[in-house]
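# A structural walkthrough
Single-letter residue listing:
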Amino acid sequence: MRPSQVALNLGTPPGSPTRTSSEFEEVPYPSSHWSSSQQEEELPMHFMTEDTARRRVKGSVTTGTGVEQTKPEPDYNDEGKDVYTKMRPLKGPTLGGRPQRPAPPPATNLTEFIQQNLEHFPPAIYTLLSCWTRFYRIGKSNVVVWDEAHFGKFGSHYLKREFYFDVHPPLGKMLVGLVGLLSGYDGQFEFKSGAEYPEGLPYVAMRVMLATFGVALVPLGWYTAVELGMSRRACHLVALMVLCDIAWICISRFILLDAMLLLFTFTTVYCMTKFNNQQYRSFSPEWWLWLTMTGLSIGCVTSVKWVGLFATALVGAYTIEDLWYKFGDLRLSWRDQARHWAARVACLIVLPILVYMTTFKIHFMVLSHSGPGDSQMSSLFQANLVGNDFGRNPLEVAYGSKVTLKNVGYGGGLLHSHVQSYPVGSNQQQVTCYHYKDNNNEWIVHPRWDEPPLDLNGPMRFLQDGDVIRLQHDSTTRNLHSHNVPAPVTKLSNEVSCYGNATVGDFHDYWKVEVVDDLKIGSKEHVDRIHSLTTRIRFRHDRLGCYLRAANAILPEWGFKQIEVTCIKEDNANDVHTWWNVESHWNDRLPAGETKFYKSPFLRDFWHLNVAMMTSNNALIPDPDKEDILASAPTDWPFMHLGLRMCGWGDNQTKYYLLGTPIIWWAGSTSLIVSIIVVGIYLLRRQRKYKDFEPDEWEHFLYVGKVAFVGWMLHYFPFLIMGRVTYVHHYLPTLYFSVLMFAHLLDHFFFTNRRLPESTKWAISGIVAVAIVGNFWWFRGLAFGVDGPIKDHKGLLWRKTWNIYDQVHL
């Protein structure tokens, strides 16, 4: 029975004789338990008296006389098989983050609470300063600035629930719509570029709410630096650079998507570093929390703009390295290996995809009314929009029907013609594909020239597979035509034109209808008649054997930048760009259809819209016929070769110029170059057996350097191979990683250098901080707005290529 009170005495009472080790019982311990080092293990002394206390000594026995004898350690040779006792400490990204500290006990009073949370006071102060930099004079310009003309308009569509099309995923634009709803905006303003906001439109409230995303960048920068294991001085500099960069400030102050993109990029890096610091306790609640948060952040950043895929690639690179090191850890069972892989797949692949798809599901649910972006979607999708009459189309197409023909290819337009002629080739009337509803999209189904003419009062003749027909353009009465003349852009295909009139034509006007399938009925064997919306068909030229096709080739200015329509000679039944369906259908002799026949599944609409977005995004290429004074090349960004005028530059206008804080951009880009040189030197020295680091220090140096450099590389290099037009704001997410690299190198060479005195470290950090703040103060007007003639503001032209004062033609 346990005594009610236990006295614990760890020492010898005063006045007692000194005890020796022989007065205690010593027992042997199995030799296989001990490592090669000499160790002692003291047993817990709770509920023990001095008489029963014992200690265990390796390899010793006690004889009956109390004399201690030590057994010789047997020689053991495992021939290299005992890999578990030889396992080295786990290397890799798990060792590179913030040193772990035990959680403090709960505070019992206000003083203890303050002391335990002193580390949060600097980021709180920086956050308040960030509110000032983002909100100050935010409503100074009462006109639509730069891309507010796009994203403000998209927000209006959500409030009016009108379907629209854009090349970006919907999350950021839905948040713009939500901000408009919360601020009391009714969605009726057109957001024309440079237009003045009308009285009563809460544009200031909308800007303030969206600028909050920019405010949050500063504390996120601080806490990410903390999680990366940077010193307190380096954390201050990271927060200062995020706080004081003119470009980040400027882009956050308008109705744009960039502040949201930056926020979710920052949260992705932060959550990844938090997760890295939980690696020492895999599958704990905190481990699952930050792995899940990383996946959610990936889903969000990708759902704002596809540039977020670069942040996803960074997490992917980190995860691959992490799993590779775990694969080499023989202490992990195959079951644990499988659990790690399954956790990453679930949280970093499945979860982001679900987030991304959920944003599109909400997008489709909110935008349930017909709008300006209908034609980018499939005909079936449009038939289910409120205000669209496709669902009332007569079901079966007949001769004499007036139709519009929709190209089934992703992002395909409507078969179109206009009175303008080709300036090359046959000089006949142009045929194109057009993405907007227009009378020039309408065609009438006629029989061949050698058949009896169309009799609208005679027996009804329905269109079937294999019929040879003539398509007459309704507004010009000319016939869809092709001949052995090269197409204007795609030279290997035949030109498609409109020729003749209602009474004049030839056999080059004949097109054979070939059924592909029917989305409702099934394969072509089950299709008896051509149905509107659901039957997918091909048009084969009866004489030439080529197929009517509309892909992604764009006509020049003389073709109004519309999609080229050709007759392709290759017979590829799987080429969706040769597939068409009847979209609008008018025939007074046929009964109207019902919308219930036309249902479009979400996954098909989701896939269709994403491919259309990608196709349109790839089509945003520089126009050789025009000079884009706002565009810049990726090589212009790291050292700020160019800025960007965000609005009109008149003397009476408030002017904004998208330009970074020079010292931040230049120092960050220089640090990336220096980092390559430094790592190269260290690797050479390590090969020559110089010891510059302790192992943990080397792991930390590499870990932070990889996050910064690989993150920068993954965000920057894709733009070098893109064909689309680029602007300086595309560099803003990339800038974050150069900021981290600059702070990391300062931390490495100065702030954590044991050879430098504290006074030198404080002096260096102070000089850098003053330079950052001074640079910001000098250029602050570019973000807060410049009033009056720009030439009155001297000293802003630090590079001759900046078009702050005069337009520069490069």
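Sequence order as written defines residue numbering, which begins from 1 separately in each chain. Only residues with pLDDT of 70 or above have their local features reported here, since the model is predicted, and side-chain atom pairs are shown and tallied only from 80 upward, although totals for entire chains, interfaces and linings are computed over all residues. Side-chain figures throughout are based on the complete set of non-hydrogen atoms in the structure, without hydrogens or water.

Working definition: helices are DSSP H or I runs of at least four residues, strands are E runs of at least two. Numbering for both runs from the N terminus. Helix and strand counts for the protein come out as 18 helices and 20 strands. Each residue gets one of three labels from its accessible area relative to the maximum for its type: buried under 20%, exposed over 50%, partly exposed in between, using a 1.4 Å probe on protein chains only. Among the 810 residues that make up the protein, the fraction classed as buried is 50%. Contacts: residue pairs with any heavy atoms within 4.5 Å of one another. Considering only residue pairs separated by 6 or more positions, the protein has 74% of its internal contacts joining residues 24 or more positions apart. Accessible area for the protein stands at about 39,100 Å²; split by element, carbon and sulfur atoms hold 59% of it. Using the Shrake-Rupley algorithm and a 1.4 Å probe, accessible areas are obtained, with residue cover drawn only from the displayed protein chains.

All right, on to the state of the cysteines then. Working definition: the covalent bond between the sulfur atoms of two cysteines is a disulfide. When the sulfur atoms of two cysteines come within 2.5 Å, that pair is taken as a disulfide. The tally for this structure, following the rule as stated, stands at one disulfide. Across a sulfur-sulfur distance of 2.0 Å, Cys546 and Cys567 are joined as a disulfide pair. Disulfide Cys546-Cys567: the torsion about the S-S bond is 95°, which places it as right-handed. Residue Cys546 is found in the loop between strand 15 (535–541) and strand 16 (547–554), and its partner Cys567 is found in strand 17 (residues 563–568); the two are separated by 21 residues along the sequence. Of the two residues, Cys546 and Cys567, both sit in the buried class.

Let's shift gears to the packing of helix 15 (residues 662–687) against helix 16 (residues 695–721). Contact geometry for helix 15 and helix 16: axes closest at 11 Å, N-to-C directions at 145°. Crossing angle aside, the handedness with which helix 15 passes helix 16 is left-handed. Of the residues in helix 16, those touching helix 15 at Leu672, Ser675, Ile676, Val678, Val679, Tyr682, Leu683 and Arg686 are Trp698, Phe701, Phe709 and Trp712. Residues are grouped as follows: Ala, Val, Leu, Ile, Met, Phe, Trp, Tyr, Cys and Pro are nonpolar; Asp, Glu, Lys and Arg are charged; all remaining types, including Gly, are polar. Residue composition of the contact of helix 15 with helix 16, by class: 10 nonpolar, one polar and one charged. Note on definitions: angles span 0 to 180 degrees between N-to-C directions of axes, and those axes are lines fitted to C-alpha atoms, for helices only across the stretch in contact. For any pair of crossing helices, the crossing counts as left-handed if the nearer helix is rotated counterclockwise from the farther one by less than a right angle, and right-handed if it is rotated clockwise.

Mapped onto the secondary structure, Asn407 falls in strand 6 (residues 402–407). Assessed through its relative accessible area of 1%, Asn407 is described here as buried. Distance and chemistry together define a polar contact, namely a pair of N or O atoms within 3.5 Å, with one atom able to donate a hydrogen and the other to accept it when in protein, and with adjacent residues in sequence counting only for side-chain atoms on both sides. Within the structure, Asn407 has its side chain in polar contact with the backbone nitrogen of Gly409 (distance 3.0 Å). Leave out the neighbours within four places in its chain, and Asn407 touches Gly412, Gly413, Cys433, Ala550, Val576, His577, Trp579 and Trp580.

Turning next to the side chain of Arg344. By the element assignment, Arg344 lies in helix 12 (residues 334–366). In terms of polar contacts, Arg344 uses its side chain to reach the side chain of Asp322, at 2.4 Å. Not counting chain neighbours up to four residues away, the residues in contact with Arg344 comprise Phe275, Gln279, Trp287, Thr319, Asp322, Leu323, Lys326 and Ile349.

There is a patch of nonpolar side chains on the surface, built from Leu110, Phe113, Ile114, Leu118 and Phe121 and spanning about 490 Å² of accessible area. At three residues, helix 1 (residues 110–116) tops the list of elements feeding residues into the nonpolar patch. Structurally, Leu118 can be placed in the loop between helix 1 and helix 2 (121–135). Residue classification places Leu118 among the partly exposed residues on the basis of a relative accessible area of 45%. Within the patch definition used here, like charges are joined within 9 Å and nonpolar side chains (Val, Leu, Ile, Met, Phe, Trp, Tyr) within 5 Å, considering only residues with over 30% relative accessible area and no salt bridge. Whenever a carboxyl oxygen of Asp or Glu lies within 4 Å of a side-chain nitrogen of Lys or Arg, that contact is scored as a salt bridge.

Attention now goes to helix 17 (residues 732–751). Along an α-helix, residues three or four positions apart point the same way, because every turn accommodates 3.6 residues. Helix length check: helix 17, at 20 residues, gives a terminal C-alpha distance of 27 Å against a target of 28 Å (1.5 Å per residue), a fit within 8%. Within helix 17, 18 of the 20 residues are buried, which leaves the element mostly enclosed by the surrounding structure. What a helix should span is 1.5 Å times the count of its residues minus one.

Residues Trp443 and Val445 point to one face of strand 9 (residues 443–446) and Ile444 and His446 to the other, with burial holding for every one of them. Whether two strands pair comes down to DSSP finding at least two bridges between them. Where strand 6 meets strand 9, two bridges bridge the pair, whose relative direction is antiparallel. Pairing of Lys402 across the sheet is with Ile444, part of strand 9. In the sheet, strand 9 pairs with strand 10 (residues 468–473) via four bridges, with the strands oriented antiparallel.

What follows deals with the pattern of salt bridges. Within the structure shown, the criterion is met by 31 salt bridges. One salt bridge connects Lys274 with Glu227, and the closest N-O pair in it is separated by 3.5 Å. Highlighted residues: Lys274 in helix 9 (residues 258–276) and Glu227 in helix 6 (residues 217–227), separated in sequence by 47 residues. Across the pair, Glu227 and Lys274 agree in class, each one buried. Its salt-bridge partner being Asp329, residue Arg331 comes within 3.0 Å of it at the nearest N-O pair. Its relative accessible area of 7% is what places Asp329 among the buried residues. Each of the salt bridges in this network shares a partner with another, and the network as a whole consists of Arg448, Asp450, Glu451 and Arg461.

Bringing the environment of Ile521 into the picture now. Structurally, Ile521 is set in the loop between strand 13 (511–518) and strand 14 (522–523). Apart from residues no more than four positions distant in its own chain, Ile521 is found in contact with His526 and His531.

Ranked by size, the top nonpolar core spans 147 residues in total, and within it Met230, Leu237, Trp248, Met646, Trp665, Leu782 and Ile804 carry the most contacts. Here Trp248 is in contact with Arg134, Met241, Val242, Leu262, Phe266, Leu732, Leu735, Tyr736 and Val739, once residues within four sequence places are set aside. Here the nonpolar core consists of buried residues drawn from Ala, Val, Leu, Ile, Met, Phe, Trp, Tyr and Cys, with membership extended through side-chain atoms lying within 4.5 Å. If you look at the next biggest cluster of nonpolar residues, it comprises 31 residues, including Val397, Val431, Val445 and Ile530.

Let us look at the packing of aromatic side chains. Pairing of aromatic rings covers Phe, Tyr and Trp, the last counted by its six-membered ring, and requires centre-to-centre distances within 6.5 Å; plane angles under 30 degrees mean stacked, over 60 mean edge-to-face, and any other angle means tilted. Counted under the stated rule, the structure contains 56 aromatic pairs. Taking the centre distance of 5.5 Å and the plane angle of 40° together, the rings of Phe189 and Tyr197 count as tilted. Assigned by exposure class, Phe189 and Tyr197 land together as buried. Ring geometry for Tyr716 versus Tyr731: centroids 6.1 Å apart, planes at 90°, classification edge-to-face.

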